[in-house]
Amino acid sequence: MNLFTKWTVSAAMLAGLSGTWLGAWGLHAARGAQEETAAVEAIRAAYTKYEFRVPMRDGAKLFTAVYVPKDASASKTYPFLIMRTPYSVGPYGTDNFPRRLGPAPVFTKDGFIFVNQDVRGRFQSDGTFEEMTPQRASHATPKDVDESTDTYDTIDWLLKNVSYNNGKAGIYGISYPGFFAAAGMIDSHPALKAASPQAPVTDLYMGDDAYHNGAFMLEANFGFYTFFKPRAGLEFPPRHWPEFNYGTNDGYDFYLKMGPLSNAKKLYFKDTNFYWDDQAQHPNYDDYWKARNIAAHLQNVHCAVLTVGGLFDAEDLVGPYKIFNAVAKVSPDAPDMLVEGPWVHGGWAGTAGDHLGPVNFAARNSDYFNEHVLLPFFQHYLIDAADPKLPKALFFETGTNVWRRYDSWPPKNTEAATLYFEAGGKLSFTAPKASAEAADEYVSDPAKPVPFVETQATDVPREYMDADQRFAAKRSDVLVYQTEPLEHDVTVAGAVQPRLWVSSSGTDSDFVVKLIDVYPMNYPDPEPNPAEVHMGGYQQLVRGEPFRAKFRKSFEKPEALTPNQPTAIDFALPDINHTFRRGHRIMVQIQSTWFPLVDRNPQKFVNIPDATEADFQEATEKVYRGGQHETTVVLPVLER
């Protein structure tokens, strides 16, 4: 959900820097300021800005900034390109211009009527804001409003009140604005011809920002709700967003000292943010969450849809797939396409897409996407430009650094390949001969949880999504299994499916499964290499996901584990499109804590939001192999 990146340089830091470095830093800062000023002035020279309070059917007025190309005329008309956001459409005032309009700089050169709107209940718009606005079943009266009606009414008003439009509109948005783009497609206005929900928040509980398989994503949500708060009335954003004072640069230490989840409100949020309360106090998939799954309501979509996601998105990894699949199922006549690239959350709009940490992707993939995919998509549907001939699914293949075009997702030509766990930490595609049941075990201690990153951070470092896992492999509370070096490339396209047989001495536990690409020892280091990273033996996280065991049968009705009794847990990791190269190894790590990315499980069957410090206990965890309790991981391997 959170696309804000905060960069700060303290006075103490500056005092310790050399004059030469400070001079260079000052020059860099000045150059950056000059470039930003130049970008603002370029937009001011090309666009005229208007501000409106657009009326909705229930009488609420939504603050809307409209930027019209200065060469627009009766003989030269433009389509609307709309972005609806809860994060403010600032800068406010018709004489104040942003440094960027639209999804990418290439869009301002091409020409659209850009429309940015504060959604209902945020900043300068009337009404009450609801998290992931539930979709109404009926719009029989003017009071029956939601994001689909607000989008419809906005488009209708724009068509009638903004001159020199060509009668067509598109909508896009990244993260939370991606949700509003998706919701705006429902019961589409006839003029809405194209939509691009990007990294859309789709189903908060089922794999997006809030919960993953019942496990609460602690660090990301705490950080988000320190600034995303209810408002008292119409307001402007602060000139400088306040920084939450963690009192440390070590998030692991901060959250461990915070104690049980209930202390987040008791010690920090108090009664200032019911948005946080709603997230933390609904640990089961109840009616609150079901009403906020926008994918279940994507009916009557009559526009073309290009859904976009990042293969390394730490926040809304599954949302794009749910939107893509829902449109195909519920509105099958709508053109429906999916793009997944080598990006972090919204990375196509803010990074070059050429690397993540020391892992290199060999090209400026964001430029390719914006110039050759996204812009041609909108041009085709909004100004009748040539058809860009986009495939059903356009996926970057990590490992080989190649874009692949598929006529379906997952690809049709995959075959299930099973990885079997063996003694001595071995992993094999060959089923073992009949053998007696055995188990590998470890002790999980909530007081000493496994960190999810090796570095110190109070936010979620985006690099964690492909970070080196060698630090975790050395811990006694992490089980490690790996293949021999591969004799040929193995491409995995789709959802990886762990089929676990586990037991715990407790009555609840988490089981985190990580799929890892182990580089050969002769793999070259990056150049330049200021961090002195050694890529030989690098254990790249390809995908990892927790599962809270009490939800193994139902996310609505949790059920305790029977201590020390083998139990099946079957689930899926979010989709990948990755090639394990010849000479690499495939590794699987299994652990029961992943902190503070995920909140700590007391390892006792309790309602975790109400857990006390006394509820947390050590547990002996076992992963079974062989016999009738055979743990496996199933890979959808692409045949070529």
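To keep things clear, this report deals only with the structure shown in the data block. (Residues numbered from 1 in each chain as written. Predicted model: local features only at pLDDT ≥ 70, side-chain atom pairs only at ≥ 80, totals over all residues. Heavy atoms only, no water.)

With respect to unusual backbone geometry
Item 1. A cis amide bond, omega 10°, links G90 with the succeeding residue P91.
Item 2. Residue placement: P91 occurs in the loop between strand 3 (78-85) and helix 3 (105-110).
Item 3. The step from F595 to P596 runs through a cis peptide bond, and the omega angle for that step is -5°.
Item 4. Following the sequence through the fold, P596 ends up in the loop between strand 25 (585-591) and strand 26 (619-625).
Item 5. Of note in the backbone geometry, F123 takes a positive phi value of approximately 50° without being a glycine.
Item 6. Summarising the element assignment, F123 is placed in the loop between strand 4 (113-118) and helix 4 (147-161).
Item 7. The phi dihedral of Y164 is positive, around 65°, even though this residue is not glycine.
Item 8. Inspection of the secondary structure assignment puts Y164 in the loop between helix 4 and strand 5 (165-174).
Item 9. A relative accessible area of 40% means that Y164 is categorised as partly exposed. (Helix = DSSP H or I, 4+ residues; strand = E, 2+ residues; numbered from the N terminus. Buried < 20%, exposed > 50% of the residue type's maximum accessible area, 1.4 Å probe, protein only.)

A look at the environment of R136
Item 1. Within the secondary structure layout, R136 lies in the loop between strand 4 and helix 4.
Item 2. According to the relative accessible area criterion, R136 is partly exposed, its value standing at 40%.
Item 3. For the pair R136 and N96, spaced 40 residues apart in the sequence, the C-alpha separation amounts to 37 Å.
Item 4. Apart from the residues lying within four places of it in its own chain, the contact partners of R136 are K143, D144, V145 and D146.
Item 5. Of note is the side chain of R136, whose polar atom sits 3.2 Å from the backbone oxygen of V145. (Contact = heavy atoms within 4.5 Å. Polar contact = N/O pair within 3.5 Å; in protein donor to acceptor, adjacent residues only side chain to side chain.)

Considering the pattern of salt bridges
Item 1. Taken as a whole, this structure holds 29 salt bridges when the rule is applied.
Item 2. The partner of D71 in a salt bridge is K76, with the nearest N and O atoms 2.7 Å apart.
Item 3. The partly exposed category is assigned to K76, whose relative accessible area is 40%.
Item 4. Overlapping salt bridges bring together D58, R120 and D150 as one network. (Salt bridge = Lys/Arg side-chain N within 4 Å of Asp/Glu carboxyl O.)

Some points on helix 6 (residues 218-225)
Item 1. Burial analysis of helix 6 places 7 of its 8 residues in the buried class, the great majority of the element.
Item 2. All of the buried residues in helix 6 are L218, E219, N221, F222, G223, F224 and Y225.
Item 3. Packed against the buried residues of helix 6 are strand 8 (215-216), helix 7 (251-258), helix 8 (263-269) and helix 9 (274-280).

Brief notes about the packing of aromatic side chains
Item 1. On inspection of all chains with the given rule, the structure shows 71 aromatic pairs.
Item 2. Measuring from ring centre to ring centre gives 5.7 Å for Y47 and F114, while their planes differ by 55°; the resulting arrangement is tilted. Of this pair, Y47 sits in strand 1 (residues 47-55) while F114 is found in strand 4, placing the two residues 67 residues apart along the sequence. When sorted by exposure, Y47 lands in the same class as F114, which is buried. (Phe/Tyr/Trp six-rings, centres within 6.5 Å; stacked < 30°, edge-to-face > 60°.)

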